[in-house]
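Given next are the chains, with one letter for each unit.
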Amino acid sequence: MANNTTATLTILSQREGIDLGDFQRDAKDFGLPENVTLRIEQVTLFGGKQHGSRLILLTVGATTLRVIPTRGMGILDAIRGGVRFGWDSPVKEVVHPSFINQEASGGCGWLDGFNEMMVRCGYQWSGHPGEDRGEFLTLHGRIQNTPADEIVLEVDQQPPYAVRLRGRVDEKRFKFTNFELQTSLTLTPSSPYIEVQDTLTNLSSYDNTCQAIYHNNFGEPILGQGARLHVTGKKVAPFNDYAAAGLDSWAQMPAPTPNFDEMVFNIESLADEQGMAYALLESSSQAEGIEVAYQVASLPVLTIWKNVDTEEQGYVVGIEPGTSYAYNRRHQWDLGLVPTIKAKESKQFYVRFGLFTTEEEVQASKQYIANVQDGTPLIVESAPTVRINEQ
Amino acid sequence: MANNTTATLTILSQREGIDLGDFQRDAKDFGLPENVTLRIEQVTLFGGKQHGSRLILLTVGATTLRVIPTRGMGILDAIRGGVRFGWDSPVKEVVHPSFINQEASGGCGWLDGFNEMMVRCGYQWSGHPGEDRGEFLTLHGRIQNTPADEIVLEVDQQPPYAVRLRGRVDEKRFKFTNFELQTSLTLTPSSPYIEVQDTLTNLSSYDNTCQAIYHNNFGEPILGQGARLHVTGKKVAPFNDYAAAGLDSWAQMPAPTPNFDEMVFNIESLADEQGMAYALLESSSQAEGIEVAYQVASLPVLTIWKNVDTEEQGYVVGIEPGTSYAYNRRHQWDLGLVPTIKAKESKQFYVRFGLFTTEEEVQASKQYIANVQDGTPLIVESAPTVRINEQ
Amino acid sequence: MANNTTATLTILSQREGIDLGDFQRDAKDFGLPENVTLRIEQVTLFGGKQHGSRLILLTVGATTLRVIPTRGMGILDAIRGGVRFGWDSPVKEVVHPSFINQEASGGCGWLDGFNEMMVRCGYQWSGHPGEDRGEFLTLHGRIQNTPADEIVLEVDQQPPYAVRLRGRVDEKRFKFTNFELQTSLTLTPSSPYIEVQDTLTNLSSYDNTCQAIYHNNFGEPILGQGARLHVTGKKVAPFNDYAAAGLDSWAQMPAPTPNFDEMVFNIESLADEQGMAYALLESSSQAEGIEVAYQVASLPVLTIWKNVDTEEQGYVVGIEPGTSYAYNRRHQWDLGLVPTIKAKESKQFYVRFGLFTTEEEVQASKQYIANVQDGTPLIVESAPTVRINEQ
């Protein structure tokens with residue numbers, strides 16, 4: 001299970017006939033030095049609608065991730081240095097896709113399982129449910145409600161001992177979709193970052209539409225009254241009239257607010273010289289923060305989903321880089337936000353989470369964002385990006 | 001597993017990491033005296049669409065229940081003293097919810113698994129499928145096609161040795177529904193009764209609609225030519241024009257009748273001093289009967305579903321206390337039958353089944369119903385409660 | 001497990017409490033002589049959307065079949081003498097029905113799992129999705145996405161040692177459908193044939209509609225440039241205007257052709273004296289071929305689905321005997337192709353696959369087809385059978 005430089009553990013592979021089921025391994029199983037913290041465990045859930053769901057608990061250095069292989073390798077949550085990154089959805093179960101009907105309630109069945117820190121939306125379409133060009137598109141596409149296969153852990157044998165968790169997720173419908181997604185999560189013991197490197201391949205001989213939103217969601221303790229967003233952006237605009245009314249304070253977070261529901265803001269990203277854009281949600285104490293960095297080449301826009309309603313309702317902010325905004329696809333053609341994935345083309349999506357648990361980390365991120373933004377005004381547009389009657 | 005007064009057996013609990021799988025226990029495992037009959041067994045089903053379904057067989061005294069934890073703790077059937085309470089649906093399998101698509105065939109997919117003696121319908125809505133206020137509501141709501149968690153058996157250690165089977169069933173959709181149902185079935189060795197005590201809690205910070213119908217269904221041998229219904233009621237009215245034509249004999253049961261299809265009758269319940277209303281279906285011999293008693297405070301109306309078609313079609317009568325009638329919700333606002341469950345409110349639903357297997361029991365029930373009704377006329381309204389073009 | 005003449009192995013039976021799971025048996029387990037080749041193996045799949053799917057690998061003589069009990073006893077593919085009969089769909093997984101939502105994308109969710117050599121379409125309806133008489137019908141009906149029960153292997157103890165694999169598949173919806181399908185696949189060690197003998201019983205006391213299409217699909221190596229179809233038929237007509245444009249060469253197969261999409265041809269079958277009609281797809285070398293023979297009494301028409309697009313798109317030809325063509329049911333009433341299955345009636349469907357791997361076999365089939373056709377012209381109608389705006 002090791003070559004000279006990388007140890008590999010196959011967790012699930014129909015092709016190789018491997019299904020480890022519930023297991024655990026630690027650093028020494030991968031031949032790592034004793035001072036390197038690495039632990040992986042898989043548990044199969046049962047009871048209610050989580051019957052058959054699996055969780056991979058991966059601890060690398062000070063970070064513990066909970067990944068859901070049965071839900072497209074989504075990230076349930078992360079803990080670093082005692083700080084939890086994620087949110088408290090009213091949906092408590094890790095719902096198995098066999099209990100999800102995405103067509104339900106006008107295409108909103110996706111909401112029955114929505115509780116993760118990172119949810120991939122896509123990839124043939126994402127966004128709100130509804131009809132576009134004769135097709136009914138369900139909320140946020142199909143990928144998250146698809147179990148992965150070919151799940152592998154790779155552990156570098158030399159410093160900095162990077163650890164990669166990979167998995168393949170298919171999105172297929174004969175004549176319609178022939179996509180294969182290779183997901184990858186990378187952590188390094190000494191680092192506060194989680195890197196998401198996804199490769200989407202259109203195996204078809206025909207071009208197709210391709211939309212992705214990385215629906216990253218954060219609640220307490222990062223979110224709270226006085227928490228603040230910092231972004232690198234060219235323009236911010238409200239999603240609809242309701243958000244327009246809250247445009248002045250789009251980046252300031254209130255305490256849980258009854259009847260707030262959600263305000264959504266659309267941001268045109270501004271990249272640094274490496275092509276990366278940044279959004280930081282810092283806690284009110286400025287001692288913790290979550291930084292979402294993303295490659296603008298494939299994820300040109302950012303949606304801020306300010307859902308600061310009551311705790312029971314899901315007090316949460318989404319920081320969501322995407323190919324597109326959250327509108328139904330029919331509204332995005334005119335915005336130029338329905339990219340094509342060509343026949344045989346592979347697209348890369350890169351998102352990096354900074355799990356910041358010290359003032360220094362937060363301060364450095366804020367400074368970096370200011371530097372990137374320096375000299376570029378963030379234009380505030382008062383009119384919604386799209387005029388729609390629905391939300 | 002026992003305190004001073006109650007022994008507890010956890011059957012399924014993700015929280016506690018317990019899943020007993022296939023097991024059996026009997027009275028002595030719970031420290032009961034030898035003359036107390038108690039047996040519990042769980043079996044996992046396989047084959048066809050029942051793959052993964054589970055049955056809990058619970059024998060308490062002379063009664064054996066078959067409960068379906070994977071279908072919201074519904075009751076498949078009951079046998080007392082050799083008499084079966086339940087019915088013979090054309091659906092023979094105990095269908096696992098992962099094979100049910102409630103949106104299918106215009107919202108009628110629920111029918112693919114319908115064969116139980118007691119089916120809970122609800123709780124955000126119940127009734128016929130269709131659009132109401134911009135939402136498409138599937139037939140009879142979602143709760144029955146939801147597997148339970150936190151399943152526990154409690155056995156009282158002192159006479160009368162009451163036995164309670166509990167389970168939790170969630171009904172959740174982010175932004176839409178945040179309900180938790182605590183179900184409880186209570187049996188006592190010396191008694192012919194099964195008590196259903198359900199507590200529905202709206203965990204949300206917002207009010208919601210709440211409809212429930214306890215869809216209790218009985219076929220042979222209780223049902224048969226000459227079987228008769230006795231109810232405590234203020235008013236009976238036909239559901240539609242077709243039922244209006246059979247209003248005269250609404251309480252008399254014919255033999256299986258080709259092309260009868262179904263007649264539905266709506267009853268406004270009449271409660272006794274304890275707030276309970278009653279419906280008794282007595283067999284033609286008057287030697288067996290099923291009594292459905294229910295608390296009118298939360299279940300004010302009763303639907304009689306007279307589906308006395310051929311045996312192959314499902315020869316069955318439903319005795320269905322509810323918050324509402326069986327119409328789509330859009331028809332029930334004007335009737336005042338779309339109750340609200342307030343933020344954080346818990347509602348209690350209480351239904352009691354009397355499994356009567358002697359003339360004395362049947363006679364006593366009939367007499368009691370007559371006493372409750374005494375002096376109150378059951379008004380027969382010839383016009384359907386709601387004028388609709390559909391059924 | 002044996003009587004005088006037939007050995008029986010129950011593979012799955014809820015009724016008998018038998019689930020063999022992953023197993024294998026061979027000729028000597030069935031008491032057969034050593035020179036008879038028989039092997040059966042079952043494997044449970046995992047990973048992605050094939051979690052829980054099962055495959056039965058059945059080798060009889062020179063033929064190995066892969067049957068999918070969890071998908072209605074469909075045939076994934078067959079290999080005879082090193083030649084594979086089947087096709088390469090972009091859908092690679094053997095998708096478990098719990099991951100299929102047939103209502104998805106306007107009733108096209110069936111396509112998410114479509115990759116078999118033989119797919120049963122039916123039985124209450126088959127054909128394209130859409131509304132008919134107030135019912136929304138999903139693509140090709142429900143049977144293929146239904147797991148089987150009562151799966152049994154029968155092995156004759158005397159020459160020619162016929163082997164039958166049986167399974168029961170239910171199609172049920174309370175008030176709507178009460179069908180039971182008994183499937184049977186028969187192979188004989190010395191023979192190139194697979195016989196499909198299905199019995200569909202309407203258990204209801206009422207008549208119902210009944211449509212079936214045996215969607216048999218073949219790609220390379222049988223299909224290829226220069227492969228040719230030979231049929232016994234009275235008439236061939238295009239399905240729509242697009243197919244009309246390719247009518248001249250309906251029976252000739254091109255190499256994989258970008259943007260070909262599919263042309264569909266409707267054939268009125270011509271039977272021999274035994275009531276059988278025939279379609280042969282011979283490879284360009286004429287050294288291999290697949291013959292589909294079928295009983296015209298219950299399967300009067302044949303659909304040729306010429307989907308000779310690129311390999312990635314699924315380069316495949318369907319040879320599909322049916323009660324009906326592939327149109328939505330609403331178009332077939334006027335064609336007289338919506339048969340009734342009467343109350344309690346059983347219908348037999350018989351399809352036989354000839355897996356031909358020698359020139360002699362191919363030649364003999366071609367000659368037989370010519371003999372049957374002899375003197376009967378195959379009328380070529382240039383107008384589509386049905387004029388529709390959709391495909």
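Residues numbered from 1 in each chain as written. Chains lettered and ligands numbered in written order. Predicted model: local features only at pLDDT ≥ 70, side-chain atom pairs only at ≥ 80, totals over all residues. Heavy atoms only, no water.

A. Local environment of the relation of the copies chain B and chain C. After a rotation of 120 degrees and a shift along the axis of 0.0 Å, chain B superposes on chain C with an RMSD of 0.0 Å. Such a turn and shift between the copies fits a three-fold axis. Residue Ser98(B) of chain B places its C-alpha closer to the rotation axis than any other residue of that unit, at 3.0 Å. Here only 9% of the contact residues of chain B are again contact residues in chain C; the copies associate through non-equivalent surfaces. (Least-squares fit on C-alpha atoms with pLDDT ≥ 70 in both. Contact = heavy atoms within 4.5 Å.)

B. Here's a closer look at the relation of the copies chain A and chain C. Of the transformation placing chain A onto chain C, the axial shift is 0.0 Å and the rotation is 120 degrees, giving an RMSD of 0.0 Å. Take the interface residues of chain A: only 10% of them recur as interface residues in chain C, which is what a contact between different surfaces looks like.

C. Examining empty space enclosed by the protein more closely. Applying the stated criterion to the full structure yields 8 cavities of 30 Å³ or more. If you add up the space inside the second largest cavity, you get close to 130 Å³. Grouping the constituent residues of the lining of the second largest cavity by class yields 5 nonpolar, 7 polar and 1 charged. (1 Å grid on protein atoms, 1.4 Å probe; cavity = no way out; pocket = protein on both sides within 12 Å on 5 of 7 lines; lining within 4 Å. Points joined across faces, edges and corners; volume = space filled by probe spheres on them. Nonpolar A, V, L, I, M, F, W, Y, C, P; charged D, E, K, R; others polar.)

D. Broad picture of the environment of Thr209(C). All names here are of chain C. Residue position: Thr-209 is located in strand S16 (residues 208–209). Given the relative accessible area of 14%, Thr-209 is considered buried. As for Thr-209 and Ile-304, which are separated by 95 residues in sequence, their C-alpha atoms are 23 Å apart. Residues in contact with Thr-209, not counting those within four places in the same chain, are Tyr-123, Gln-124, Phe-179, Arg-329, Trp-333, Val-338, Pro-339 and Ile-341. A polar contact of 2.9 Å, which involves the side chain of Thr-209, links it to the backbone oxygen of Gln-124. Only 3.1 Å separates the side chain of Thr-209 from the side chain of Arg-329, close enough to count as a polar contact. (Helix = DSSP H or I, 4+ residues; strand = E, 2+ residues; numbered from the N terminus. Buried < 20%, exposed > 50% of the residue type's maximum accessible area, 1.4 Å probe, protein only. Polar contact = N/O pair within 3.5 Å; in protein donor to acceptor, adjacent residues only side chain to side chain.)

E. Layout of the interface of chain A and chain C. The partner chain C presents 36 residues to the 31 residues of chain A that form the contact. In this assembly, chain A packs against chain C so that about 2,500 Å² is buried in total across both faces, 53% of it on carbon and sulfur atoms. It is Phe174(A), Lys175(A) and Tyr206(A) in chain A that bury the most area against chain C; as a group they hold 30% of the surface buried on that side. Our enumeration of links across chain A and chain C arrives at 5 salt bridges. Among the ionic pairs, Glu262(C) bridges to Lys175(A), the shortest N-O distance being 2.8 Å. Inspection of the chain A/chain C interface yields 17 residue pairs in polar contact (both at pLDDT 80 or more). (Buried area = accessible area lost by both parts, 1.4 Å probe. Salt bridge = Lys/Arg side-chain N within 4 Å of Asp/Glu carboxyl O.)

F. The arrangement of the sheet that holds strand S22 (residues 289–295) of chain B in detail. All names here are of chain B. Overall, antiparallel pairing links the 10 strands, which are arranged S2-S1-S12-S13-S14-S15-S26-S22-S21-S18 in an open sheet. Edge positions in the open sheet fall to strand S2 (18–19) and strand S18 (228–231), since each of these has one partner strand only. Where helix H3 (residues 359–373) meets the sheet, it contacts S18, strand S21 (276–282), S22 and strand S26 (346–356), and its direction lies at approximately 135 degrees from that of S21. (Pairing = 2+ DSSP bridges. Axes fitted to C-alpha atoms, helices over the stretch in contact; angles between N-to-C directions.)

G. Main features of helix H4 (residues 359–373) of chain C. Residues and elements named next belong to chain C. With 15 residues, H4 extends 21 Å from end C-alpha to end C-alpha; this agrees with the ideal 21 Å at 1.5 Å per step. Residues of H4 that are buried include every one of Glu-361, Val-362, Ser-365, Lys-366, Ile-369, Val-372 and Gln-373, and no others. On an axial view of H4, the arc spanned by its buried residues comes to 130 degrees, and they lie on one face. Residues of H4 that are buried make contact with strand S7 (74–80), strand S18 (228–231), strand S19 (233–238), strand S21 (276–282), strand S22 (289–295) and strand S26 (346–356). One or two steps after H4, the chain reaches Gly-375, where phi turns positive at roughly 90 degrees. (Expected span 1.5 Å × (residues − 1). Arc of directions from axis to C-beta.)

H. Broad picture of the environment of Leu187(C). Within the secondary structure, Leu187(C) is located in strand S14 (residues 177–187). On a C-alpha basis, the gap between Leu187(C) and Pro160(C) in space is 9.8 Å, while along the polypeptide they are 27 residues apart.

I. Spatial organisation of the sheet that holds strand S2 (residues 18–19) of chain A. Residues and elements named next belong to chain A. Spatially, S2-S1-S12-S13-S14-S15-S26-S22-S21-S18 is the arrangement adopted by the 10 strands of the open sheet, whose pairing is antiparallel. Taken across any chain shown, the strands that pair with only one partner, and hence form the sheet edges, are S2 and strand S18 (228–231). As paired elements, strand S22 (residues 289–295) and strand S26 (residues 346–356) share 6 bridges and run antiparallel to each other. When the sheet's bridge partners are listed, Tyr-294 is paired in S26 with Val-351. This element, helix H4 (residues 359–373), spans S18, strand S21 (276–282), S22 and S26 of the sheet and lies at about 135 degrees to S21.

J. Fine view of the pattern of salt bridges. Residue and element names in this part refer to chain A. This model, assessed by the stated rule, comprises 87 salt bridges over all chains. Notably, a salt bridge pairs Arg-329 with Asp-132, separated by 2.7 Å at the nearest N-O pair. Remark: Asp-132 occurs in strand S10 (residues 130–132) and Arg-329 occurs in the loop between strand S24 (316–322) and strand S25 (340–341); sequence separation between them is 197 residues. Exposure class is identical for Arg-329 and Asp-132. Each is buried. Because the salt bridges share partners, they merge into one network encompassing Arg-66, Asp-77, Arg-84 and Asp-88.

K. Layout of the pairing of strand S9 (residues 118–123) of chain A. Residue and element names in this part refer to chain A. In terms of burial, S9 is largely enclosed, as 6 of its 6 residues are buried. Where S9 and strand S17 (residues 211–218) come together, 6 bridges link them in antiparallel fashion. Across the sheet, residue Tyr-123 finds its bridge partner in S17, namely Gln-211.

L. Geometry of the layout of surface pockets. Estimates place the volume of the largest pocket at around 1,100 Å³. Along the walls of the largest pocket sit 38 residues, with Ser105(A), Gly106(A), Gly107(A), Cys108(A) and Pro129(A) positioned nearest its centre. Where the lining of the largest pocket is concerned, the elements lending two or more residues are helix H1 (104–107) and strand S23 (301–307) of chain A together with helix H1 (104–107) of chain B. When its residues are assigned to classes, the lining of the largest pocket shows 16 nonpolar, 12 polar and 10 charged.

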